[in-house]
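Chain by chain, the residues run as shown.
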Amino acid sequence: MNAAEWMPLVFMGLMGLALLIYVVLDGYDLGVGLLMVGANDEHKDRMVASIGPFWDANETWLVLGVGILLVAFPKAHGLIIGALYLPVAVMLIGLTLRGVAFDFRVKAHAQWKPLWNRLFMAGSLMASLAQGWMLARYITGFQEGRTYTAFAAVIALALSAAYALLGAGWLIMKAEGELQALAVKRAKLAWPAVVIGLALISLATPLVSPTVSARWFRMPELIALLPIPLTTGLSLLGLRALLNSHRVLGTLCWLPFALMVLVMLLGSLGLAYSLYPYVLIDQMTVWQAAAAPKSLAFILWGCAFTVPAILGYTVFAYRVFWGKASELSYA
């Protein structure tokens, strides 16, 4: 296999990895923002404190993933971003609201703090829904029609519920006392929405995408792929059983979050299998969309430095600020 054949696959893998890490890391802090609805002021402060050292660095992975799409697959970048212009704008507005509200809610006078809290929650909801909508439109190759619009709406809601459950798992792991107990209650509320959403998506995706249907529902591939949905189902059932155990407030507080990360990982593996070798399903393969081999070789050197650097400071930040969340304060 020559460079023109393997380098596009390397960049496709790097882009997928970056977006998976983003979904997990920024997914939980978006979920924490969603879970702030109905919480008291003390709990909201502690929720924000739990994501304080991490949230802005988490978004670096989104920049990396979209950056790789731009420089390694410029033909696909124009088509994808053009088709998703509106939801991308909604997501960016939501992320901007979160960033501004995160800082201003601490510095603002008492009468303005509820406003910034609401903007933080609104930004989290906007970004979550927009990302789900974009995912659905991408899976279906940007097909138009009521069926595809309904499919996008279901995935937008399901991804938001998954983020909320992931955020609840994060709070169970990082919080203590009343907030930890509240996180368990919120996780129990989010769990049915995630399960129903995944079930609807699993049933609807083969109907709206013949390519995906052909990949999953033929022999012997069907048997080989069964571990993915089975492990996903068992992980979700195990998570729900764990929420009824007192150990989730103690020694096993990390396990709900870990199980949700496993669900996200399995979902990404299933999506990758469904899409390969397309960058844009049924329209453009990785080789058709890739930049010139010399350009990819140059970009690969940049990725050889930037990806380990981003991974390194991410691991360092989580290592330094690991443990239970304390009160958020600014110098």
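The rules behind these values
Residues numbered from 1 in each chain as written. Predicted model: local features only at pLDDT ≥ 70, side-chain atom pairs only at ≥ 80, totals over all residues. Heavy atoms only, no water. Helix = DSSP H or I, 4+ residues; strand = E, 2+ residues; numbered from the N terminus. Rg over C-alpha atoms; globule rule 2.2 N^0.38 Å. Buried < 20%, exposed > 50% of the residue type's maximum accessible area, 1.4 Å probe, protein only. Contact = heavy atoms within 4.5 Å. Areas by Shrake-Rupley, 256 points an atom, 1.4 Å probe, with all protein chains shown as cover. Core = buried A, V, L, I, M, F, W, Y, C linked by side-chain atoms within 4.5 Å. Expected span 1.5 Å × (residues − 1). Bend = angle between axes of the 7 residues up to and from the residue. Salt bridge = Lys/Arg side-chain N within 4 Å of Asp/Glu carboxyl O. Axes fitted to C-alpha atoms, helices over the stretch in contact; angles between N-to-C directions. Parallel < 35°, antiparallel > 145°, perpendicular 65-115°, else oblique. Left-handed = near helix turned anticlockwise from the far one by under 90°. Nonpolar A, V, L, I, M, F, W, Y, C, P; charged D, E, K, R; others polar. Patch = residues over 30% accessible without salt bridge, like charges linked within 9 Å, V, L, I, M, F, W, Y side chains within 5 Å. Polar contact = N/O pair within 3.5 Å; in protein donor to acceptor, adjacent residues only side chain to side chain.

Trainee: Can you tell me about the overall build of the chain, naming the residues and giving the values?
Mentor: Helices and strands together make up the secondary structure of the chain, namely 15 helices and 2 strands. Rg of the C-alpha trace for the chain: 20 Å, near the compact-globule value of 20 Å for 331 residues, within the 12% margin. Taken over the C-alpha atoms alone, the chain extends approximately 60 × 40 × 40 Å along its principal axes. Considering the chain as a whole, with its 331 residues, one finds that 47% of them fall into the buried category. When contacts within the chain are restricted to residue pairs at least 6 apart in sequence, those whose partners lie at least 24 apart make up 80%. As presented, the chain carries roughly 16,200 Å² of accessible surface, and 72% of it is formed by carbon and sulfur atoms.

Trainee: A description of the nonpolar core should follow, citing residues and the corresponding values.
Mentor: Membership of the largest hydrophobic core comes to 97 residues, with the highest contact counts inside it found for Phe11, Tyr28, Met47, Phe73, Ile80 and Trp170. If one sorts the elements of this core by residue count, helix 1 (residues 3-35) sits on top with 15 residues. Dropping the residues within four chain positions of it, Phe11 is found in contact with Ile68, Ala72, Phe73, Leu296, Ile299, Leu300 and Cys303. Counting residues in each nonpolar core, the second largest holds 8 residues, with Phe151, Ile155, Ala158 and Ile201 among its members.

Trainee: Please give an account of helix 6 (residues 85-107) that cites residues and values.
Mentor: Its 23 residues place the ends of helix 6 34 Å apart at the C-alpha level, agreeing with the 33 Å of an ideal helix rising 1.5 Å per residue. In helix 6, a bend of some 25 degrees at Ala101 exceeds every other bend along the element. Burial in helix 6 covers these residues: Pro87, Val88, Met91, Gly94, Leu95, Arg98, Gly99, Ala101, Phe102 and Arg105. Structurally, helix 6 contributes buried residues whose contacts are with helix 1, helix 2 (41-51), helix 3 (55-58), helix 4 (60-72) and helix 7 (113-139).

Trainee: So what's going on with the pattern of salt bridges? Residues and values would help.
Mentor: Applying the stated criterion to the full structure yields 4 salt bridges. Here Asp45 makes a salt bridge to Lys113, at a shortest N to O gap of 2.8 Å. One end of the pair, Asp45, is in helix 2; the other, Lys113, is in helix 7, and 68 residues separate them in sequence. Across the pair Arg137 and Glu144 runs a salt bridge whose closest N-O atoms are separated by 3.0 Å. A relative accessible area of 10% places Arg137 in the buried class. Note on Glu144: relative accessible area 66%, which makes it exposed.

Trainee: Report on the packing of helix 7 against helix 8 (residues 146-174), specifying residues and quantitative values.
Mentor: The interhelical angle for the contact between helix 7 and helix 8, taken along N-to-C directions, is 135 degrees, at an axis separation of 7 Å. Comparing their axes, helix 8 and helix 7 come out oblique. For the pair helix 7 and helix 8, the sense of crossing is right-handed. Contacts between helix 7 and helix 8 involve Ser128, Leu129, Gln131, Gly132, Trp133, Leu135, Ala136, Arg137 and Ile139 on the former and, on the latter, Tyr148, Thr149, Phe151, Ala152, Ala153, Ile155, Ala156, Leu157, Leu159, Ser160 and Tyr163.

Trainee: Explain the packing of helix 4 against helix 5 (residues 74-83) to me, using residue names and the numbers behind them.
Mentor: The geometry of helix 4 relative to helix 5 is characterised by a closest axis approach of 5 Å and an angle of 120 degrees between their N-to-C directions. With respect to each other, helix 4 and helix 5 are oriented oblique. Contact with helix 4, carried on its side by Val66, Leu69, Leu70, Val71 and Ala72, involves Pro74, Ala76, His77 and Ile80 of helix 5 and no other residues of that element. The residue makeup of the contact of helix 4 with helix 5, split by class, is 8 nonpolar, 1 polar and no charged.

Trainee: Account for a nonpolar patch on the surface, naming residues and giving values.
Mentor: A cluster of nonpolar side chains, contributed by Phe217, Met219, Leu222, Ile223, Leu226 and Leu230, occupies part of the molecular surface with about 590 Å² of accessible area. Within the secondary structure, Leu222 sits in helix 11 (residues 221-225).

Trainee: Please set out the side chain of Arg98 residue by residue, giving values where relevant.
Mentor: Looking at the element boundaries, Arg98 is found in helix 6. Within the structure, the side chain of Arg98 is placed 2.5 Å from the side chain of Asp29, a separation counted as a polar contact. Discounting chain neighbours no more than four positions away, the residues touching Arg98 are Asp26, Asp29, Leu30, Trp55, Glu59, Phe120, Gly123 and Ser124.

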